[in-house]
Amino acid sequence: MSPPSAGEEPPPARRDRGPRQRTTPRSELSRAPEFEQVSPEVGQLDEEAFDAAAAADPDAALTLLADMATATDEGLRAAARRLAARVVLDRARTGLARSRGVRRLRPVPADRGGDLDVDASLDAVLDARAQGRQPGLDELTARQWGRPELALCLLVDTSGSMGGARLAAAALTAAACALRAPGEHAIVSFARTVTVLRAITSQAPASAVVDSVLTLRGHGTTSLAAGLRAAGEELARSSAERRVVVLLSDCRTSETEDPALVAARLPELVVLAPADDDEEAVALGRRSGARVAALRGVADAPAVLAALLV
């Protein structure tokens, strides 16, 4: 298919039925030096051994954990996913602060509508009475339902260049956000095509989202502009005051459409890129106004993301 001509709107991104998933045989897992200590027998996962491995080399241990979450061994796979939920939540506690993401009451001048807040308006009523007049609405305080403060769309690059530790970092970051992000958040993955793992309006439990992102595997080409467009479409359905796309990618695109033009139209974009391959991400940030940070390892992801969202 030829690329769209100048001024022509590109076709909408095609959605996959779901992310490409694969199982990981024990023989492949055993290539990791610490695997035999963490899983000494089929179906077993020694959490103390994993904690020791994570203390010695958090990036290697967390990458192994993401791989074990897709093990062909059902017992090991289930144990790894339970452990991942605990480990990700522990790390997320020092990362992105949780917002309720729901409408909440806020004080506003009564002339803007809402329900009168008698306690907050009492001083204005007494002052007006002392002056022998009726208080004006602009002097009184009302309570009005406000919009959510923050909505996020996590956009995860699952193309071939984002395999191994890079994708583990991205997946664990997305999992951490699923556990601690605002109530309005979406998770979208992209390679050649786009998959919405969690829509902005979804009520899916965090555990289901964690399972989805941990089974992602890198493959194929990179349709970065299509992914950014899909993320923008998800956030357009939010009523939040601040809407942010969080892109986890090396930003190496294989399409002809310029992703910077799509990125520049987003309300706000932050990019987490691999520290050893962030040139394209930096260039995208410079051209689109996005904020970019280098992700040095899996363990750093939640804190880096929190710093970008201040």
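Every value quoted in this text rests on a predicted model; they were computed, and no experiment measured them.

(A) Structural context of the overall build of the protein chain. Per the secondary structure count, the protein chain includes 12 helices and 9 strands. Scored against the burial criterion, the 310 residues of the protein chain give a buried share of 48%. Taken as a whole, the protein chain presents about 15100 Å² of accessible surface, with 49% of it coming from carbon and sulfur.

(B) Here's a closer look at the environment of Asp67. Tracing the backbone shows Asp67 in helix α4 (residues 58-68). Using a relative accessible area of 26% as the deciding quantity, one classes Asp67 as partly exposed. In sequence terms Asp67 and Thr23 are 44 residues apart; their C-alpha atoms lie 8.6 Å from each other. Residue contacts for Asp67: discarding those within four places in its chain leaves Thr24, Leu29 and Arg217.

(C) Here's a closer look at the sheet that holds strand β4 (residues 150-157). Taken in spatial order, the 6 strands make up an open sheet running β6-β5-β4-β7-β8-β9, and their pairing is mixed. Single-partner strands in this sheet number two, and they are β6 (194-198) and β9 (291-295). Ignoring which end each strand starts from, the neighbouring axes of this sheet average 20° apart. Note: strand β7 (residues 242-248) against strand β8 (residues 269-274), 4 bridges, orientation parallel. Paired with Val246 across the strands is Val270, a residue of β8. Relative to the sheet, helix α9 (residues 224-235) contacts β4, β5 (185-190), β6, β7 and β8, its axis offset from that of β4 by approximately 160°.

(D) Fine view of the environment of Ala240. By the element assignment, Ala240 lies in the loop between α9 and β7. Exposure remark for Ala240: the relative accessible area of 4% places this residue in the buried category. With 89 residues separating them in the primary sequence, Ala240 and Ala151 have C-alpha atoms 5.8 Å apart.

(E) Here's a closer look at the nonpolar core. Ranked by internal contacts, the top residues of the largest apolar core, which has 29 residues, are Leu155, Leu228, Leu247 and Leu269. Elements that contribute at least two residues to this core include exactly β4, β5, α9, β7, α10 (259-263), β8 and α11 (279-288). Ignoring any residue separated from it by four or fewer positions in sequence, one finds Leu247 in contact with Leu155, Phe190, Leu224, Leu228, Leu269, Val270, Val271, Leu272 and Leu284. Among the nonpolar cores identified, the runner-up in size contains 26 residues, and Val156, Leu197, Val270 and Leu305 belong to it.

(F) Structural view of unusual backbone geometry. Look at Cys251: it is not a glycine, yet its phi comes out positive at around 65°. Its location among the elements puts Cys251 in the loop between β7 and α10. For Cys251, a relative accessible area of 5% corresponds to the buried category.

(G) Up close: α4. Within the sequence span of α4, burial applies to Ala61, Leu62, Thr63, Leu64, Leu65, Ala66 and Met68. Regarding α4, its N-cap is Asp57, as a side-chain oxygen of that residue lies 3.2 Å from the backbone nitrogen of Ala60 further along.

(H) Broad picture of the pairing of β9. The pairing of β8 with β9 spans 5 bridges and is parallel. Considered in β9, the bridge of Val271 is made with Val292. Viewed along the sheet, the connection from β8 through α11 into β9 turns out right-handed.

(I) Here's a closer look at the environment of Glu41. Here Glu41 shows up in the loop between α2 (35-38) and α3 (47-56). With a relative accessible area of 47%, Glu41 lands in the partly exposed category. Between the alpha carbons of Glu41 and Leu76 there is a distance of 9.4 Å; along the sequence they are 35 residues apart.

(J) Summary view of the pairing of β4. Most of β4 sits inside the fold, with 8 of its 8 residues counted as buried. Taking every second residue as pointing to the same face, both faces of β4 are buried, with Leu150, Leu152, Leu154 and Val156 on one and Ala151, Cys153, Leu155 and Asp157 on the other. Bridging between β4 and β7 involves 7 bridges; their strand directions are parallel. Residue Cys153 lies in a different strand from β7, and its bridge partner there is Val245.

What counts, and at which threshold
- Residues numbered from 1 in each chain as written.
- Predicted model: local features only at pLDDT ≥ 70, side-chain atom pairs only at ≥ 80, totals over all residues.
- Heavy atoms only, no water.
- Helix = DSSP H or I, 4+ residues; strand = E, 2+ residues; numbered from the N terminus.
- Buried < 20%, exposed > 50% of the residue type's maximum accessible area, 1.4 Å probe, protein only.
- Areas by Shrake-Rupley, 256 points an atom, 1.4 Å probe, with all protein chains shown as cover.
- Contact = heavy atoms within 4.5 Å.
- Pairing = 2+ DSSP bridges.
- Axes fitted to C-alpha atoms, helices over the stretch in contact; angles between N-to-C directions.
- Core = buried A, V, L, I, M, F, W, Y, C linked by side-chain atoms within 4.5 Å.
- Polar contact = N/O pair within 3.5 Å; in protein donor to acceptor, adjacent residues only side chain to side chain.
- Right-handed = clockwise from strand over helix to strand, strands pointing away.

Honestly, that's just the spatial picture; any functional story needs more than this.
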